[in-house]
Amino acid sequence: MREGVARLMARCAAVVATTAVLSACGSDTVPTPAAFPHDSSLPAVDSASAAAAVIVDDSAPASTATYALHVIAADGHVLASATPKRRAIDLSGNTCVVARLPVTSASSRRVFFLDGDATLSYLDPDGHTGALRSLGGDATTEVAFAVAADESRIAVVSVRRASGGGYHEEVRVQSLGGSVSTTIFSRDTTVTGATQDEISWPVGWNAGSVVLADGLPLPQAGCHDPAPATGYDLADPTTGAVRIHLCTTTADAQPFGPPSAAGALCVAHDTTARPSQEVDTVQAWTGAATPFSRSLCGQAGVLSPDGGHVAGTENVATGGACGPGDGHVHVIATGGAAAVTPVTGTALGWLDAHDVVVGVTGGTTILDVTAGAAHPSAATGALEAILPPDLG
């Protein structure tokens, strides 16, 4: 059931007259961006001169008290690492508030991460780390966040189980230190059997707007499986009004892989015209949609920062139907031309215009698609952020 922020915000005018699930649609008296002070407690470091991958490994058994965080350079070497405490819900093994939300975000200077249930901490590229403040999470409330590139603001979502069996969530935009804060929206969602309303969580910033992912709150397989995104919202950071909603051109459209500075890949399950799970369009943050002219099957694909290429496993069998594929990462131009790389694995994201982060057996590989060079790293896990951030 699709119930993203865009639909909720469209119903703001009806909140007073109806029993709408939205309990706050922003405020008439909210701080402007200039009112958000920079946090002076952070050490002064230069902006990152080269892109790096933020890899999170949270796959350890529930009895493990920590997760692993690595920052990997384009040549594969580890710049910095940390072992933060896991959330209490992770340690329980089978009691989740919601499907796993991201625990990291990156500015142009450093990586921010969640230590335990609530502590916002940072990791500099030189390995220096420290704690900033509490974000208010606990064993029954899950939090996630996205820090603006200039570190002036942070968007924070808190999600907790409601007494009726659904969820209550609140998204706030704050100064990094927390001295200035405004709630841009809050809502209650319901879960009835297999039917569930969506929640939203911040995944980045684009040109001053908050990028929110929409997704189903219940874990699909286990507590450590990330919440799958069903769409992306570009929201005003002072009012919560949605400026653009990506991947809603058809009733069942959804993103294909994570967003990039160019926008998102959107797939529609139109089996009458094209194979199921095929990329249909590239939708920019302006809302403009460009048809993707080549068949691409599978469950993951990543759009380059300039929107010109897609890296993914192209599982196209003889006759044009989706098949098992060859396991190699393919780099496909949005105009249709494709190249097969020597690396087998799952494309996780792009560091820049020519470096792709690939999850491989036993580690991570940075693939330079221009030079054809592969730079392996022993760090394993999911790509959660790019340093500096790559959403524009």
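Everything below is about the structure printed above this text.
A quick note: this is a predicted structure, and the numbers were derived from the prediction, not measured. (Residues numbered from 1 in each chain as written. Predicted model: local features only at pLDDT ≥ 70, side-chain atom pairs only at ≥ 80, totals over all residues. Heavy atoms only, no water.)

Student: So what's going on with the overall build of the chain? Residues and values would help.
Tutor: Across its full length, the chain carries two helices and 31 strands. Classification of the 392 residues of the chain by burial places 50% in the buried group. Considering only residue pairs separated by 6 or more positions, the chain has 50% of its internal contacts joining residues 24 or more positions apart. Total accessible area on the chain is roughly 15,200 Å²; 55% of this is exposed by carbon and sulfur atoms. (Helix = DSSP H or I, 4+ residues; strand = E, 2+ residues; numbered from the N terminus. Buried < 20%, exposed > 50% of the residue type's maximum accessible area, 1.4 Å probe, protein only. Contact = heavy atoms within 4.5 Å. Areas by Shrake-Rupley, 256 points an atom, 1.4 Å probe, with all protein chains shown as cover.)

Student: Can you lay out the sheet that holds strand β26 (residues 338-344) for me, pointing to particular residues and giving the numbers?
Tutor: Taken together, the four strands give an open sheet; going across it, the order is β23-β24-β25-β26, and neighbouring strands pair in antiparallel fashion. At either margin of the open sheet sits one strand with a lone partner, and together these are β23 (301-303) and β26. The mean angle between the axes of side-by-side strands here comes to 20°, regardless of whether they run parallel or antiparallel. Two elements, strand β24 (residues 309-312) and strand β25 (residues 328-333), share four bridges in a ladder whose sense is antiparallel. Counted as the bridge partner of Ala 311 is Val 331 from β25. (Pairing = 2+ DSSP bridges. Axes fitted to C-alpha atoms, helices over the stretch in contact; angles between N-to-C directions.)

Student: An account of the packing of aromatic side chains is needed here, citing residue identities and associated values.
Tutor: Taken as a whole, this structure holds zero aromatic pairs when the rule is applied. A cation sits over an aromatic face here: Arg 110 above Tyr 122, 5.8 Å from the ring centre. (Phe/Tyr/Trp six-rings, centres within 6.5 Å; stacked < 30°, edge-to-face > 60°. Lys NZ or Arg CZ within 6 Å of the ring centre and 35° of its normal.)

Student: Describe in detail the sheet that holds strand β5 (residues 104-106), supporting the description with residues and values.
Tutor: The strands making up a sheet associate through backbone hydrogen bonding, with each pair oriented either parallel or antiparallel. Across the sheet, four strands lie side by side as β5-β6-β7-β8; this open sheet has antiparallel pairing. The two strands at the open ends of the sheet, each matched to only one other strand, are β5 and β8 (129-134). Averaged over all pairs of adjacent strands, the angle between their axes in this sheet comes to 25°, without regard to strand direction. Bridge count for β5 against strand β6 (residues 111-115) is three bridges, and the pairing is antiparallel. Directly across from Ser 105, in β6, lies its bridge partner Phe 112.

Student: How would you sum up the nonpolar core? Please name residues and give values.
Tutor: Nonpolar side chains in soluble globular proteins tend to be buried together. Residues Leu 101, Val 159, Trp 201, Trp 205 and Leu 246 are the most contacted members of the largest nonpolar core, which totals 32 residues. Looking at which element gives the most residues to this core, the answer is strand β16 (residues 209-215), with four residues. Leave out the neighbours within four places in its chain, and Trp 205 touches Ala 146, Val 147, Ala 148, Arg 153, Ile 154, Ala 155, Val 173, Val 210, Val 211, Pro 237, Leu 391 and Gly 392. Val 54, Phe 112, Leu 114 and Ala 385 belong to the second largest nonpolar core, which has 27 residues in total. (Core = buried A, V, L, I, M, F, W, Y, C linked by side-chain atoms within 4.5 Å.)

Student: Residues and numbers for the state of the cysteines, please.
Tutor: By definition, a disulfide is the covalent link that joins the sulfur atoms of two cysteine residues. Counting across every chain of the model gives one disulfide. Between the sulfur of Cys 247 and that of Cys 266 lies a disulfide, 2.2 Å long from S to S. Measuring the twist about the S-S bond at about -80°, one finds the Cys 247-Cys 266 disulfide to be left-handed. In this pair, Cys 247 sits in the loop between β18 (242-246) and β19 (254-255) while Cys 266 sits in strand β20 (residues 264-268), placing the two residues 19 residues apart along the sequence. The burial state of Cys 247 is the same as that of Cys 266; both residues are buried. (Disulfide = S-S within 2.5 Å.)

Student: Can you break down the environment of Leu 176 residue by residue, with the values?
Tutor: Residue placement: Leu 176 occurs in the loop between β11 (167-175) and β12 (181-189). Between the C-alpha atom of Leu 176 and that of Asp 39, which follows or precedes it by 137 residues, the distance is 6.0 Å. In this view, Leu 176 contacts Asp 39, Leu 42, Phe 112, Leu 120, Leu 132, Arg 133, Val 147, Glu 151, Ser 152 and Ile 154; residues no more than four positions away in its chain are not counted.

Student: Kindly report on the pairing of strand β30 (residues 373-377), identifying the contributing residues and their values.
Tutor: Note: strand β29 (residues 363-368) against β30, five bridges, orientation antiparallel. Along β30, the bridge assignment pairs Asp 368 with Ala 373. The turn linking β29 back onto β30 is made up of four residues, and Gly 372 within it adopts a positive phi angle of 75°.

Student: Break down unusual backbone geometry for me, citing the residues and quoting the values.
Tutor: Going from Leu 387 to Pro 388, the amide bond is cis rather than trans, its omega being -5°. Within the secondary structure layout, Pro 388 lies in the segment after β31 (382-387). Here the phi dihedral of Glu 151 falls at roughly 65°; this positive angle occurs in a residue that is not glycine. Within the fold, Glu 151 resides in the loop between β9 (141-147) and β10 (153-161). Note on Glu 151: relative accessible area 5%, which makes it buried. We note that Ala 207 has phi near 50°; this positive angle belongs to a residue other than glycine. Here Ala 207 is to be found in the loop between β15 (199-206) and β16. Here Ala 207 falls in the exposed class, since its relative accessible area comes to 68%.

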